[in-house]
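# Coordinate analysis (summary)
Below, each chain spelled out in residue letters.
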Amino acid sequence: MHELIDPDVVAKTQQGIHFHGVSKWFRRKGQLTHALSRIDLDIEPGSFVSLIGPSGCGKSTLLRLAGGLLEADRGTVVVQGETPAQALQRKHYAFVPQQPALMPWRTVRRNVALLGETNRKARMKGVSKEAQLELIEQMGLTPFLDAYPRELSGGMQQRVSIARAFALGAPLMLMDEPFSALDEITRADMRYQLLALWERVGCTVVFVTHSIPEAVILSDRVVVLGARPGRVTDVIDVGLARPRSDAQEDSDEFHAGVAAVRQALKAGWD
Amino acid sequence: MTQIHDATGLAADVILGDGDGDAGDDLPPPEERHRVRAALLTIAPILGLASVFLGWEAYVRIMDLRPLTLPLPSNIFIHVFDNPGFYWENGLVTLKEAAIGFVLAFVAAVVVASIMAHSRFMERAGLPVIVLVQSTPIAVLVPVFLLWFGFSPWPKILTAALFAWVPFVANALTGLRAIDPDTHELLRSTSASSWEIFWRLRVPHALPYLFSAARICIGLALVGAVIGEFFNSSEGLGNAARVGQSQPALNEQLWGSVFVLAFVGVVGVLLLATIERRVLRWHPSQSLV
């Protein structure tokens, strides 16, 4: 981050993730694309926030700006009172990519331990070995402890990826469409596994998705984005009680949430 | 809604009916067939090799060829086993040249590829050099090496090394570079150093590439050593073959050298495969073996 952060802003936003007038352009083959335009967004600490929007609306870009993997061209991103780059250096992010991105030469056990091993200068050394095993147990991976990724199904691989993220013990979790490659039955199951872990840990989650029901059942708030240029068109509060369960998928609040997100998406499109 | 309900009800009936009717349907297939198949698969490589030599043997006998045109493979085997000392000594000479060349090539390739994998600039600067070496017929450099090193093992070692270097460096570069972008980003998200990314991601990822290069390079290092010996040498299997070719009386020595060289290559490849099976247990290629 080249811009200095206003000390007042820092004082106001000690926690959570905050975007102030953030814009981002991409240059591809000499062509300039306006990826995100004047994003103002506050993500409360400990909340579960989904980003949803049409393809090319900049959801993943927004996630990477929050995570310090990309830099904003305009505006400021404040993460727990710091720049995203500082938070990245402290290993305050646990990242779950779209693909499981497991190391094929590591067993399940060693893949889960991975994020604690890198960047030893940071204080974040990952959770204890016992806690890792507990995470593996909770994701139903104990029988595959010493299996290599190629021996696991796609759903199992993505469960390892989630266990690996939680094993870092970071206060912020960034998830980039982690369930998009899975079949509907597997992903329905994994939503509640994810929620069960998150409810224990209480970290802040930013979750990118294409699925409206998924966004509603998981989130406290759903951020709806529009495309060309990417911008926030609406933020919808989901009124469902916690802890969530699949029984709520038949409730009126759930259907109301789904309808609200769908209408916001449509409004952003027009 | 009722339609869907009906459809599932029907499906459940069909499944139940099937289970009731024939309980024996769900037994595992008989063990016997499986074992015969496994045994056939085990001896298939031996059958393949045997058919080549038996076909050769039959062809020479039926066509009644002169030994100078094509000798009987059985005679070549007998000749080799009658002169174990000769082939052991010369084989060892060639093996040493090829092995030292192989190791030199491996080390040089990994060093060069690592430097190139670390910076875009070095990669762009190094690529034309690799292409240059790749496109040069390396055999033509043997006289140059002879000029430099004269009557020593070094011209042969360098030729072997240069032959093996090209596939090694190309594969090492691909292996170190073509890492999974998601895993790379994941490591970056913990602010991992490029040193950590090198050792934890690039090197393990490059291993299968290096092994497949090594399989080719065992043969290429032997080719390099033999070509070096053709030019100027008093020992080694390349020299033995050259001498064998120059005198009709030594025809068996020419073929004996070919057989022993092939044997050395095969042993090298088998040794490598054993190491590969241990090191690359995680790799999908190993589930086929």
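In this report, the structure presented in the accompanying data block is examined. Counting of residues starts from 1 at the beginning of each chain's written sequence and follows it residue by residue. All chains are assigned letters beginning with A, and all ligands numbers beginning with 1, in the order in which they are written. Given that the model is predicted, a residue must reach a pLDDT of at least 70 before its local features are reported, and side-chain atom pairs must reach 80 or more before they are shown or counted; all residues, however, enter totals for whole chains, interfaces and linings.

### Considering the packing of helix α7 (residues 154-177) of chain B against helix α9 (residues 194-231) of chain B
Residue and element names in this part refer to chain B. Only C-alpha atoms enter the line fits that serve as axes; for helices the fit covers just the stretch in contact. Angles between N-to-C directions range over 0 to 180 degrees. Strands are runs of DSSP state E lasting at least two residues, helices are runs of H or I lasting at least four, and both sets are numbered from the N terminus onward. Running from N to C, α7 and α9 point in directions that differ by 160 degrees, and their axes come no closer than 7 Å. Classified by the angle between their axes, α7 and α9 sit roughly antiparallel to one another. The hand of the α7/α9 crossing is right-handed. For classification purposes, angles smaller than 35 degrees are called roughly parallel, those larger than 145 roughly antiparallel, those between 65 and 115 roughly perpendicular, and all remaining angles oblique. When the near helix sits turned anticlockwise from the far one by under a right angle, the crossing is termed left-handed; a clockwise turn instead gives a right-handed crossing.

### Observations concerning the environment of Val260(B)
All names here are of chain B. Along the chain, the position of Val260 falls in helix α11 (residues 251-279). Put simply, Val260 and Gly91 are 169 residues apart on the chain and 7.3 Å apart in space, counted from C-alpha to C-alpha. Residue pairs qualify as contacts under a 7 Å threshold applied to their C-beta atoms, which are placed from the backbone. With residues near it in sequence (within four places) discarded, Val260 still touches Val80, Tyr87, Gly91 and Leu237.

### Comments concerning the sheet that holds strand β1 (residues 17-28) of chain A
Residues and elements named next belong to chain A. Judged by pairing direction, the sheet is antiparallel, and its three strands sit side by side in the order β2-β1-β4 without closing on themselves. At either margin of the open sheet sits one strand with a lone partner, and together these are β2 (31-43) and β4 (74-79). On average, each strand axis in the sheet is tilted by 30 degrees relative to the strand beside it, whichever way the strands run. At least two bridges found by DSSP between two strands are what make those strands a pair. Of the strand pairs in this sheet, β1 and β2 are connected by nine bridges, and their pairing is antiparallel. Counted as the bridge partner of Val22 is Ile39 from β2.

### Some remarks on the packing of helix α4 (residues 84-118) of chain B against α11(B)
All names here are of chain B. The geometry of α4 relative to α11 is characterised by a closest axis approach of 11 Å and an angle of 50 degrees between their N-to-C directions. Between α4 and α11, the interaxial angle falls into the category oblique. Judged by the twist between their axes, the crossing of α4 over α11 is right-handed. Between α4 and α11, the contacting residues are Tyr87, Gly91 and Leu95 on the first element and Gly256, Val260 and Val264 on the second. The nonpolar class holds Ala, Val, Leu, Ile, Met, Phe, Trp, Tyr, Cys and Pro. Asp, Glu, Lys and Arg form the charged class, and all remaining residues, Gly among them, are polar. Taken together, the residues that form the contact of α4 with α11 break down as four nonpolar, two polar and no charged.

### Examining unusual backbone geometry
Residue and element names in this part refer to chain A. Along the chain, Arg228 connects to Pro229 via a cis peptide bond; the corresponding omega equals -10 degrees. You can see Pro229 is positioned in the loop between β8 (221-226) and β9 (231-237). Of note, the amide linkage connecting Arg242 to Pro243 takes the cis form, showing an omega dihedral of -10 degrees. Here Pro243 is to be found in the loop between β9 and α10 (252-269). Look at Arg228: it is not a glycine, yet its phi comes out positive at around 50 degrees. Here Arg228 lies in the loop between β8 and β9.

### Notes on the environment of Ser251(A)
You can see Ser251(A) is positioned in the loop between β9 and α10. By the C-beta count within 10 Å, which is 13 here, Ser251(A) ends up partly exposed. Residues are called buried when their C-beta atom has 20 or more other C-beta atoms within 10 Å, exposed when it has 12 or fewer, and partly exposed otherwise; all C-beta atoms are positioned from the backbone.

### Quick notes on the interface of chain B and chain A
Every contact between the two is made by 18 residues of chain B and, on the other side, 20 residues of chain A. Broken down by element, the side of chain B that touches chain A gets its largest block of residues, six residues, from helix α8 (residues 181-188) of chain B.

### What about the sheet that holds strand β7 (residues 204-209) of chain A?
All names here are of chain A. The six strands are arranged β5-β6-β7-β3-β8-β9 in an open sheet whose pairing can be described as mixed. Each end of this open sheet is capped by a strand with a single partner; those strands are β5 (93-96) and β9. The average undirected angle you get between the axes of adjacent strands in this sheet is 20 degrees. For β8 and β9, the ladder comprises six bridges, and the chain directions are antiparallel. Bridging across to β9, Leu225 finds its partner in Val232. The sheet strands contacting helix α2 (residues 59-66) are β3 (48-52), β6 (172-176), β7 and β8, and the helix crosses β7 at an angle near 160 degrees.

### Some details on α11(B)
If you check α11(B), its first and last C-alpha atoms are 43 Å apart, about what 29 residues at 1.5 Å a residue would give, namely 42 Å. Structurally, α11(B) contributes buried residues whose contacts are with α3 (73-82), α4, α9 and α10 (237-246) of chain B. Multiplying 1.5 Å by the helix residue count minus one yields the expected span of that helix.

### Digging into the environment of Phe102(B)
Residue and element names in this part refer to chain B. Residue position: Phe102 is located in helix α4. On the neighbour-count criterion, Phe102 (26 C-beta atoms within 10 Å) is buried. Measuring from C-alpha to C-alpha, the distance between Phe102 and Gly219 comes to 9.8 Å, with 117 residues separating the pair along the chain. Discounting chain neighbours no more than four positions away, the residues touching Phe102 are Ala160, Ala164, Cys217, Ile218 and Ala221.

### Thoughts on the nonpolar core
Membership of the largest hydrophobic core comes to 80 residues, with the highest contact counts inside it found for Ala163(A), Val206(A) and Val261(A). Residues in contact with Ala163(A), not counting those within four places in the same chain, are Val112(A), Leu135(A), Ile136(A), Met139(A) and Leu141(A). Buried Ala, Val, Leu, Ile, Met, Phe, Trp, Tyr and Cys residues whose C-beta atoms connect them within 7 Å together make up a nonpolar core. Residues Phe163(B), Phe168(B), Ala172(B) and Leu220(B) belong to the second largest nonpolar core, which totals 46 residues.

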